[in-house]
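# Architecture and fold: a report
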Amino acid sequence: GGAALYRGLRPRAEQLRGIAAILIVPLLCAVCLLYATRQPEVEWFEKQVPYGEIASLTLPDGTHLHLNSGSRITYPSAFTGKERRIFVEGEIFADVAKDPHKPFIIRSGDVGIRVLGTKFNFKSYTNTDCIELLLVDGAVQFDIDTDTRKQQLRMEPGDLVLYDRVSNDINLSTFQPEHFKSFADNRAIHFFNLRMHDIALDLERLFGTRIVILDEALAQTRYFAYFTNNETLDQILSAINSDRKMKISRRDGVVYLSLK
């Protein structure tokens, strides 16, 4: 069709040059479009924190994370798509950079968190029953997607969610965000209605000391405790045992807990 416009107006050689020009221009445009839309290669990194240590990490978007003992995070070298997605196993305190056009997504097994810009504490270790989310500032959506439960929870500052991955129970409560200190603040430690089984696993990671619970009744007992002065393991166990119903003993570097 383009060649017909030139028929009778130019010699054949010039006519052919016109056709070539018409063909080359779309080809060049296609090449330009290919280079313009090609995304940069994204590398994925993994960071693990040894027991007894904590670490900090700044992501490519400026989001700042604190990682507690025994935690692992997988994250990309750049957030190139429509969302900012990372994978977490363990406990993090996150200060998410605001970006209303690109939500920040955390995946941890069967649960996820979707935010735009906020501060929160999230704990999800694979060897503990309880998943915990405390919202300090902003707003988040907590997603549960298992074979037996699918639910989305919208949270506001001061909301605390405890999700039991074994029983599928959800416990909703509140805390005072203005008084909350995360593990990044002088190694603060909190246990909000946690079973002694999960508390012992947390303390093992934090202090690098094996803890064995000898009574199942004690393992299932729930406790509230909050420590903000860099307390030792002995001080923490003594405070939890304020009613003196628990026997605490050490043998060969292992701490044994039982009911009296």
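Computed from a prediction, not measured in an experiment: that's the story for all the values here.

### Some thoughts on the overall build of the protein
Helix and strand content of the protein: four helices and 18 strands. Looking at the protein as a whole, 42% of its 260 residues are labelled buried. Once local pairs closer than 6 in sequence are excluded, the contacts in the protein between residues at least 24 apart make up 48%. If you sum the accessible surface of the protein, you get close to 14400 Å²; carbon and sulfur atoms cover 51% of it.

### Points about helix H4 (residues 233–240)
Along H4, the positions that sit buried rather than exposed are Leu233, Ile236, Leu237 and Ile240. Seen along its axis, H4 keeps its buried residues to an arc of 95°; they face one direction.

### Quick look at the packing of aromatic side chains
Tallying each qualifying case throughout the model produces six aromatic pairs. Judged by centre distance (6.4 Å) and plane angle (65°), the rings of Phe79 and Phe104 are edge-to-face. Of this pair, Phe79 sits in the loop between strand E4 (72–76) and strand E5 (84–95) while Phe104 is found in strand E6 (residues 104–108), placing the two residues 25 residues apart along the sequence. By relative accessible area, Phe79 is classed as buried at 13%. Ring centres of Phe192 and Tyr226 lie 5.9 Å apart, and the angle between their planes is 70°; this geometry places the pair in the edge-to-face category. Here Tyr226 lies in strand E16 (residues 222–227) and Phe192 lies in strand E14 (residues 189–195), a separation of 34 residues in the sequence. The class for Phe192 is buried, based on a relative accessible area of 14%. Overall, the relative accessible area of 32% leaves Tyr226 in the partly exposed class.

### Description of the pattern of salt bridges
Applying the stated criterion across every chain yields a total of eight salt bridges. With its nearest N and O atoms 2.7 Å apart, the salt bridge here joins Arg85 to Glu83. Its relative accessible area of 30% is what places Arg85 among the partly exposed residues. Note that Asp145 and Lys150 form a salt bridge whose closest N and O atoms lie 2.5 Å from each other.

### A few points about the pairing of strand E3 (residues 64–67)
Side chains Leu65 and Leu67 of E3 all project onto a buried face; the interleaved residues His64 and His66 project onto a face where none is buried. One ladder, built from four bridges, connects strand E2 (residues 55–58) with E3; its direction is antiparallel. Across the sheet, residue Ser56 finds its bridge partner in E3, namely His66. Count of turn residues in the E2/E3 antiparallel hairpin: five residues, of which Gly62 carries a positive phi of about 95°. Where E3 meets E5, four bridges bridge the pair, whose relative direction is antiparallel. Following the sheet pairing, Leu67 is matched in E5 by Ile92.

### Some details on the confidence of the model for the protein
Chain-level statistics for the protein give a pLDDT mean of 86 and a share of 85% at 70 or above. Ranking the elements of the protein by mean pLDDT puts helix H1 (residues 12–37) last, at 47, and strand E15 (residues 211–213) first, at 98. Taken together, the stretch residues 1–16 has pLDDT below 50 and engages in seven contacts with residues farther than four places along the chain or on a different chain. Contacts for the low-pLDDT stretch residues 18–25, under 50 throughout, to residues beyond four places or in other chains number three contacts.

Basis of the calculations
Residues numbered from 1 in each chain as written. Predicted model: local features only at pLDDT ≥ 70, side-chain atom pairs only at ≥ 80, totals over all residues. Heavy atoms only, no water. Helix = DSSP H or I, 4+ residues; strand = E, 2+ residues; numbered from the N terminus. Buried < 20%, exposed > 50% of the residue type's maximum accessible area, 1.4 Å probe, protein only. Contact = heavy atoms within 4.5 Å. Areas by Shrake-Rupley, 256 points an atom, 1.4 Å probe, with all protein chains shown as cover. Arc of directions from axis to C-beta. Phe/Tyr/Trp six-rings, centres within 6.5 Å; stacked < 30°, edge-to-face > 60°. Salt bridge = Lys/Arg side-chain N within 4 Å of Asp/Glu carboxyl O. Pairing = 2+ DSSP bridges. pLDDT = per-residue confidence, 0-100.

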